[in-house]
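# Geometric and topological summary
Listed here are the chains, written in short residue letters.
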Amino acid sequence: MSAHQYDHGHTVAGWVGFGIASVGAGVAGLGVVAVSGVLIAGGLAIGVVSLLVTWALHLAGWGKGPGLRPRADWGWRVRDSAAPGGHAECLACRLAGRGRGARAVVPVMPAQRESEPETVAAAGADSVR
C-alpha cells in the first residue's frame, strides 16, 4: 500500500524538472552573491531549460494531467497512457496542440461520496499529521 493517502502528483517529469530548476536557482544565487551577470543569466537559462524538459517529459507520458489519477497510477514511475491524446484543461497539452476536444473524467476521492461536497476540514486533513 502507498505511504500517502492521496495522489500528490509525484512524477518523473516533476522530479527531473525540480532537480534542474534547483541547479538553476543555485547558479543564479551564486551569481547574485558573486555579482556576476553571466551567472545570473546562466541560472535563468537553466530555469528555462527545466521548464522545457519538464514539458517534454509531460508530453511523453512521464507527467500527469490536472485532477486525480486512479490509485493504480499513483506511483511516480507509472507512465500516463492518456498523454498522447492530451489532457483536457491542461495548459501544457494545449500549448502542444493536444487535448482540446477531450473531456476530463474526474474520479471521486476515496474519502468522499459523490453526493457530499468536500469540506474544508477534509481538504486540509492530509497536511496535518
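Up top is the structure.
These remarks concern the structure in this document. (Residues numbered from 1 in each chain as written. Predicted model: local features only at pLDDT ≥ 70, side-chain atom pairs only at ≥ 80, totals over all residues. Heavy atoms only, no water.)

## Some thoughts on the overall build of the protein chain
- A tally of helices and strands in the protein chain yields four helices and zero strands.
- Residue burial in the protein chain is summarised as follows: out of 129 residues, 22% are buried.
- When contacts within the protein chain are restricted to residue pairs at least 6 apart in sequence, long-range pairs at least 24 apart make up 53% of them.
- Accessible area for the protein chain stands at about 8,700 Å²; split by element, carbon and sulfur atoms hold 66% of it. (Helix = DSSP H or I, 4+ residues; strand = E, 2+ residues; numbered from the N terminus. Buried < 20%, exposed > 50% of the residue type's maximum accessible area, 1.4 Å probe, protein only. Contact = heavy atoms within 4.5 Å. Areas by Shrake-Rupley, 256 points an atom, 1.4 Å probe, with all protein chains shown as cover.)

## Quick notes on the packing of aromatic side chains
- Applying the stated rule across the entire model yields one aromatic pair.
- Taking 6.4 Å as the distance between ring centres and 90 degrees as the angle between the ring planes, the aromatic pair formed by tryptophan 15 and phenylalanine 18 counts as edge-to-face. Highlighted residues: tryptophan 15 and phenylalanine 18, both in helix 1 (residues 12-34), separated by three residues, approximately one helical turn.
- Residue class for tryptophan 15 comes out partly exposed when judged on its relative accessible area of 45%. (Phe/Tyr/Trp six-rings, centres within 6.5 Å; stacked < 30°, edge-to-face > 60°.)

## Thoughts on the side chain of threonine 11
- Mapped onto the secondary structure, threonine 11 falls in the segment before helix 1.
- Looking at threonine 11, the relative accessible area reads 6%, which means it is buried.
- When residues no more than four places from it in sequence are discounted, the contact partners of threonine 11 are Trp62, Gly63, Lys64, Arg69 and Trp76.

## Brief notes about a nonpolar patch on the surface
- Residues Val48, Leu52, Trp55, Leu91 and Leu95 make up a contiguous nonpolar surface patch of about 510 Å² in total accessible area.
- For the nonpolar patch, the element with the most residues is helix 2 (residues 37-62), which contributes three residues.
- By the secondary structure assignment, tryptophan 55 is in helix 2. (Patch = residues over 30% accessible without salt bridge, like charges linked within 9 Å, V, L, I, M, F, W, Y side chains within 5 Å. Salt bridge = Lys/Arg side-chain N within 4 Å of Asp/Glu carboxyl O.)

## Quick look at the side chain of serine 50
- The residue serine 50 is located in helix 2 in this model.
- When its relative accessible area of 5% is taken as the criterion, serine 50 is described as buried.
- Not counting the four nearest positions on each side in its chain, serine 50 is found in contact with Gly17, Ile20 and Ala21.

## What to know about helix 2
- Residues of helix 2 that are buried include every one of Gly43, Ser50, His58, Leu59 and Gly61, and no others.
- Contacts made by the buried residues of helix 2 are with helix 1 and helix 3 (91-95).

## Quick notes on helix 1
- Spanning 23 residues, helix 1 covers 33 Å between terminal C-alpha atoms, matching the ideal 33 Å at 1.5 Å per step.
- Residues of helix 1 that are buried include every one of Val12, Ala13, Gly17, Gly24, Ala28 and Gly31, and no others.
- In this fold, the buried residues of helix 1 make contact with helix 2.
- A positive backbone phi angle near 50 degrees is found at valine 35, which sits one or two residues after helix 1. (Expected span 1.5 Å × (residues − 1).)

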